[in-house]
Amino acid sequence: MHRFLPCLLLAAGSVAAQAVDVTVTAAPGTATVEPGVTVNAWLYDGLLPGTPLRVTQGQTLRVRFRNQLPEATMIHWHGQPVPLGMDGVPDISRPSVAPGQEFLYELTHLEPGTYWFHPHGHEAQLDVGLASALIVDPANPTDDPPFDVEHTVLLDDWNDPLGGGWTGHLLNGRSSNGQVPIDVQAGQRLRLRLINVAAVTNYVVALDGHPMTVTHADGGRVQPVAVQAVPLGIGERYDVIVDCNNPGVWSLAAASITNRNATLVRGIVRYVGQAQPPPAPGLVPANLATGSLLGYAQLASYFPVRPITPAPDRTLPAALGMQMGPGGALNTINGEAWPNVTPMQVALGDDVQMTFTNTLMGNGQYHPMHVHGHFFRLLGTAGGTLAPPRKDTILIRPLGQAGSTATVQMHMDNPGRWLLHCHHMMHMMNGMMAVVEYLGDSDGDGLPDRSDYEPDRALPVVVVQDDAARFVIGAAGVISAQWTPGQIVALYFGAPLPAPFAWPPFGDVWLDPLQHAPFGLGLVAPNGSADFAYVLPNDPQQIGQRIGLQALGTTPLPAGLLTSTFQAFVVH
Ligand code: C2O
Ligand code: CU
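Residues numbered from 1 in each chain as written. Chains lettered and ligands numbered in written order. Predicted model: local features only at pLDDT ≥ 70, side-chain atom pairs only at ≥ 80, totals over all residues. Heavy atoms only, no water.

Concerning the sheet that holds strand 29 (residues 417-422)
Backbone hydrogen bonds are what pair the strands of a sheet, in a parallel or an antiparallel way.
At step 1: Read across the sheet, 5 strands follow the order 22-30-29-24-27 without closing on themselves; strand pairing throughout is mixed. Every other strand in the sheet has two partners, leaving strand 22 (344-346) and strand 27 (393-396) as the edge strands with one partner each. Taking each pair of neighbouring strands and ignoring which way they run, the sheet shows an average axis angle of 20°.
At step 2: Note that strand 24 (residues 367-371) and strand 27 share 4 bridges and pair antiparallel. When the bridges of strand 27 are listed, His370 appears paired with Thr393. (Pairing = 2+ DSSP bridges. Helix = DSSP H or I, 4+ residues; strand = E, 2+ residues; numbered from the N terminus. Axes fitted to C-alpha atoms, helices over the stretch in contact; angles between N-to-C directions.)

Given below as C-alpha cells:
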C-alpha cells in the first residue's frame, strides 16, 4: 500500500507552540432576553452572545468551526489582521462552509486586546445573534493598565429577524429587564470591554454616577482619556476603566448616537451591600444625555506604532454617498456599489493614505467604516504623527457635523484582497463595500496576491466546495488544490490527527500516517487549480465520518515538496 509520507515517522513531532484548540458550533436556537421573552436566533454554541474566546498573545488559536445552520457561513475575526485565508469572507478568503460542514481556523500572531467575531458576506447573518468576543491578553500582563475586575459588554439591536415578536436592544444578550448586575466593591477598578455588535445602531454608552477612563480603542492601548460617555460605532470597541468610588446601584446605559436622550438598553453596576432596586430601564443618566463624549482627536497610542508619513506611497479617496440603482437607492463608495466596484490597488510595503468624506447629511448617514486585515492610523489626533491611535473601524459622521471626514494611513503588510466596508448592515447590503487589492505575488508561488487564498505563504491550499449536497452519500463533488500552475499535486484522504506534526521543511502533516492513501494526482492548470472529482460511496455506514484532506505539491523551490493546508469534510 502506498504511504503518504514515509519519512513522517522520523520527523520530530513538534507542534506549533502553545496551540489552544476550541470548537465553535453555529446552529439555530432560542435565547431568553428577559424573563418570559424568548427569541428565535442563530447562535454560536447555543448562546447569545456566543462563548467568548480567550487566549494569550503568542498562542495559536485553532478553532474547529462547525456549521449546523441551514445555510453556508464563515467566521470573520473582526479587527485581527489575520492572513487572508483565515479572514472568513466568502469567496475572497475561501468558499463558505456548507451546512453540516466544518473549517479549521488557525489564528497565529493575534493582537492583544478586545476583538469580536461574526459571519460575513451573508449579510443577513449579521442580525441573527451570531456574534461573540475574542479577547487576547497581552503576553506581558503589565502591558495592561491595572484593574481589579473586568466585564465584557456586547451591545446589540434585536430586529426580530426570524420571527417571534420581540424587538429591542440587548446588553450581553438580555434586555434591560433581563440584566444580571455587574457586582463591584467600593475601591475597585472596573474594566469594561465595550463592543458594538449591532446590525444598524451606533451607540453612546455611559455609566451613571461615574466618569470612565478610556484605555483601549479597537483593542489597542491608548493614553488614558477621562470622559463621561463614549460613542461606539458598529464594530468598534473601547475598553474603559471605572473607579468604583460612588456606592449605589447604577445604570450602564446605551442610547443611539442620534438621540442621547433615550436609553435603549441598560445594564446594572451594583456595589456589594447596596440593596436598593435597580435603576428604571428608562432612566437617562446625565452622563448619557449631556456628558463629555470621547472624540477621536483625543486618542494617542500608548505603545510605539508606525508613525504617520508625510509622503504616503498612495493617496486614495473614499467618498461615501448614495445613488439610484435599478432596484432602489444604493450606498456607494466613490460612486460605486458592490459588487460593481473598481479595486483599490496597492503594493506590499506601501503606506496608503485614505480620506473618508461623507457627502450626505442626516441621521441615516453614520458610516462605521471597517477595513479587513489592516489597521487605520488616524491623522489629526492627540498622538500627532508619532503616536497615532490604531483602529480598525472608524465612525464617519454625517456631512455638516464634526467628524464627517477622517484621514487615515494604512501600512500594507498583509497581502491579499481585502474588504473595506461600512459595518451598518443595510448600507453593506446596499453596496457600501470596496475591495483593496495587492499588486504582485508576494510569496512568489505563481499566483497573484489578488487571487491567492494564501498570498503570504507559498504552499498548496485545499479548497472544498460550499454546496452541502456534495457531501451526501452517493453524491459527486470536486475538491481542488490551489497551487503553482504547472506543478503536480497529490491529494490524500484520511483520518485527521488531533494536532499536526511538523515535518520540516515540508510543512505540517495532518493525516494519520497509517490510514491515508493517495486519492489522485493532478497537474495544476494555468488558473492555479488542480481539481479532483470524487463520488462518495452510497454506504449509510459512512454517514458521520469526518474525512481529512491534505495535498502534497511539487515545487521548484529547494524543498521540492510542500504539504498543503488541512481541511476536513463530514459525510451525510
Ligand atoms: Cu466586522 Cu467586514 O466586518
Ligand atoms: Cu454606512
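Concerning the coordination of the copper ion (ligand 2)
At step 1: Distances from the copper ion (ligand 2) to its protein donors, His367 (ND1), Cys422 (SG) and His427 (ND1), fall at 2.0 Å.
At step 2: Linear spacing of the donor residues for the copper ion (ligand 2) on their chain is H-x54-C-x4-H. Here His367, found in strand 24, pairs with Cys422, found in strand 29; they are 55 residues apart in sequence, far enough to count as distant.
At step 3: What makes Cys422 buried here is its relative accessible area of 0%. (Donors = N, O, S within 2.8 Å, 3.2 Å for Na, K, Ca; no water. Buried < 20%, exposed > 50% of the residue type's maximum accessible area, 1.4 Å probe, protein only.)

Notes on the layout of surface pockets
At step 1: Within this model, the largest pocket holds a volume of roughly 800 Å³.
At step 2: Along the walls of the largest pocket sit 39 residues, with Val82, Pro83, Thr108, His109 and Asp456 positioned nearest its centre.
At step 3: Those elements that place two or more of their residues in the lining of the largest pocket are strand 6 (102-107), strand 35 (507-511) and strand 39 (561-563).
At step 4: When grouped by side-chain class, the residues that make up the lining of the largest pocket number 16 nonpolar, 12 polar and 11 charged. (1 Å grid on protein atoms, 1.4 Å probe; cavity = no way out; pocket = protein on both sides within 12 Å on 5 of 7 lines; lining within 4 Å. Points joined across faces, edges and corners; volume = space filled by probe spheres on them. Nonpolar A, V, L, I, M, F, W, Y, C, P; charged D, E, K, R; others polar.)

Re the nonpolar core
At step 1: Residues Ile333, Met344, Met354, Phe356, Phe376, Ile394 and Leu420 are the most contacted members of the largest nonpolar core, which totals 35 residues.
At step 2: Formed jointly, this core draws a minimum of three residues from each of two domains, domain 1 (15-139) and domain 3 (314-438).
At step 3: Discounting chain neighbours no more than four positions away, the residues touching Met344 are Leu316, Pro317, Ile333, Asn334, Met354, Leu420, Ala434, Val435, Val436 and Glu437.
At step 4: Leu171, Leu192, Val205 and Leu232 belong to the second-largest nonpolar core, a separate cluster that totals 32 residues. (Core = buried A, V, L, I, M, F, W, Y, C linked by side-chain atoms within 4.5 Å. Domains from an automatic or database assignment. Contact = heavy atoms within 4.5 Å.)

Let's talk about the sheet that holds strand 21 (residues 328-333)
At step 1: Spatial ordering of the open sheet is given by 21-20-23-28-25-26, a layout of 6 strands whose pairing is mixed. Strands with a single pairing partner mark the edges of an open sheet, and in this sheet they are strand 21 and strand 26 (390-391).
At step 2: Taken together, the 7 bridges between strand 20 (residues 314-325) and strand 23 (residues 351-358) define a ladder with parallel strand orientation. Across the sheet, Ala318 pairs through a bridge with Phe356, a residue of strand 23.

Thoughts on the pattern of salt bridges
A side chain with one charge can pair with a side chain of the opposite charge if their charged atoms come near.
At step 1: Evaluated as defined, the whole model comprises 25 salt bridges.
At step 2: With a closest N to O distance of 3.0 Å, Glu102 and Arg64 form a salt bridge. Here Arg64 lies in strand 4 (residues 60-67) and Glu102 lies in strand 6, a separation of 38 residues in the sequence.
At step 3: Exposure remark for Arg64: the relative accessible area of 25% places this residue in the partly exposed category.
At step 4: In this structure, Arg470 engages Asp467 in a salt bridge whose closest nitrogen and oxygen atoms are separated by 3.4 Å.
At step 5: Among the residues examined, Arg470 registers a relative accessible area of 32% and is labelled partly exposed.
At step 6: Note on Asp467: relative accessible area 32%, which makes it partly exposed.
At step 7: Among the charged side chains, a salt-bridge network with shared partners connects Arg54, Asp137, Asp144, Glu150, Arg191, Arg193 and Asp239. (Salt bridge = Lys/Arg side-chain N within 4 Å of Asp/Glu carboxyl O.)

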